[in-house]
Amino acid sequence: VYDSDPFKGESPSGLAEDLAYLRPKSRSSDVASTVCELPARSERYSGVCRDNNDDLQAEMPFCGSVITYRPCVPAHQPLWPDWDLSVKDEQIS
């Protein structure tokens, strides 16, 4: 059945509902970092390029010592704070 009222379902004021409450309350600490594909060639830009290779050995005991390039690592995710570089390294080992 066709309803000719183009404003059906809208607020009586004619204004859109305020959706500010849906905005995230926190941001990733990597928000300004260069993004990269993780996993490689996945077309999912969920990683960040890491410049400081000195800390990698401490965070990645399994493969940190052999990385000599600028690695793509998991970005900090406020919704999943337990998923980080150390956890990924442990899963690879």
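Residues take numbers from 1 onward in each chain, read along the sequence in its written order. In keeping with the predicted nature of the model, local features appear solely for residues at pLDDT of at least 70, side-chain atom pairs appear and are counted solely at 80 or more, and the whole-chain, interface and lining totals rest on all residues. To obtain the side-chain values, all non-hydrogen atoms of the structure were included, while hydrogens and water were left out.

Draft legend 1. Highlighting the overall build of the protein chain. Helix and strand labels come from DSSP, where a helix needs a run of H or I of at least four residues and a strand needs a run of E of at least two; each type is numbered from the N terminus. Looking only at helices and strands, one finds two helices and three strands in the protein chain. Seen in sequence order, the protein chain has helices and strands lined up from the N terminus as β-β-α-β-α. Buried means the residue's accessible area, taken with a 1.4 Å probe over protein chains only, is under 20% of the maximum for its type, while exposed means over 50%, and partly exposed covers the values in between. By residue count, 19% of the 93 residues in the protein chain fall in the buried class. Here the analysis covers contacts within the protein chain between residues at least 6 apart in sequence; of these, 46% occur between residues at least 24 apart. Accessible surface computed for the protein chain: about 7800 Å², of which carbon and sulfur atoms make up 53%. We call two residues contacting when some pair of their heavy atoms lies within 4.5 Å. Calculation of accessible area relied on Shrake-Rupley with a 1.4 Å probe; when residues are assessed, cover is drawn exclusively from the protein chains displayed.

Draft legend 2. Molecular detail of the state of the cysteines. Two cysteine sulfurs form what is called a disulfide whenever their separation falls within 2.5 Å. One pass over the structure, following the stated rule, counts one disulfide. Across the disulfide from Cys36 sits Cys72; the S-S distance is 1.9 Å. As the torsion about the S-S bond is roughly 95 degrees, the Cys36-Cys72 disulfide counts as right-handed. Here Cys36, found in strand β1 (residues 35-36), pairs with Cys72, found in strand β3 (residues 72-74); they are 36 residues apart in sequence, far enough to count as distant. Cys72 gets classed as partly exposed once you look at its relative accessible area, which sits at 23%. With no disulfide of its own, Cys49 lies 4.0 Å from the sulfur of Cys36, the closest cysteine sulfur.

Draft legend 3. How the structure looks around a nonpolar patch on the surface. Residues qualify for a patch when their relative accessible area is over 30% and they have no salt bridge, like charges being joined within 9 Å and the nonpolar side chains of Val, Leu, Ile, Met, Phe, Trp and Tyr within 5 Å. A side-chain nitrogen of Lys or Arg and a carboxyl oxygen of Asp or Glu constitute a salt bridge if their distance falls within 4 Å. A grouping of Leu19, Tyr21 and Leu22 is seen on the molecular surface, where their side chains present a nonpolar patch of about 340 Å² in accessible area. Inspection of the secondary structure assignment puts Leu19 in the segment before β1. Its relative accessible area of 46% is what places Leu19 among the partly exposed residues.

Draft legend 4. Just the sheet that holds β1, in detail. DSSP bridges decide pairing: two strands pair if at least two such bridges lie between them. One open sheet holds the three strands; their spatial order is β1-β2-β3, and the pairing between them is antiparallel. The outermost strands of the open sheet, each flanked by one partner alone, are β1 and β3.

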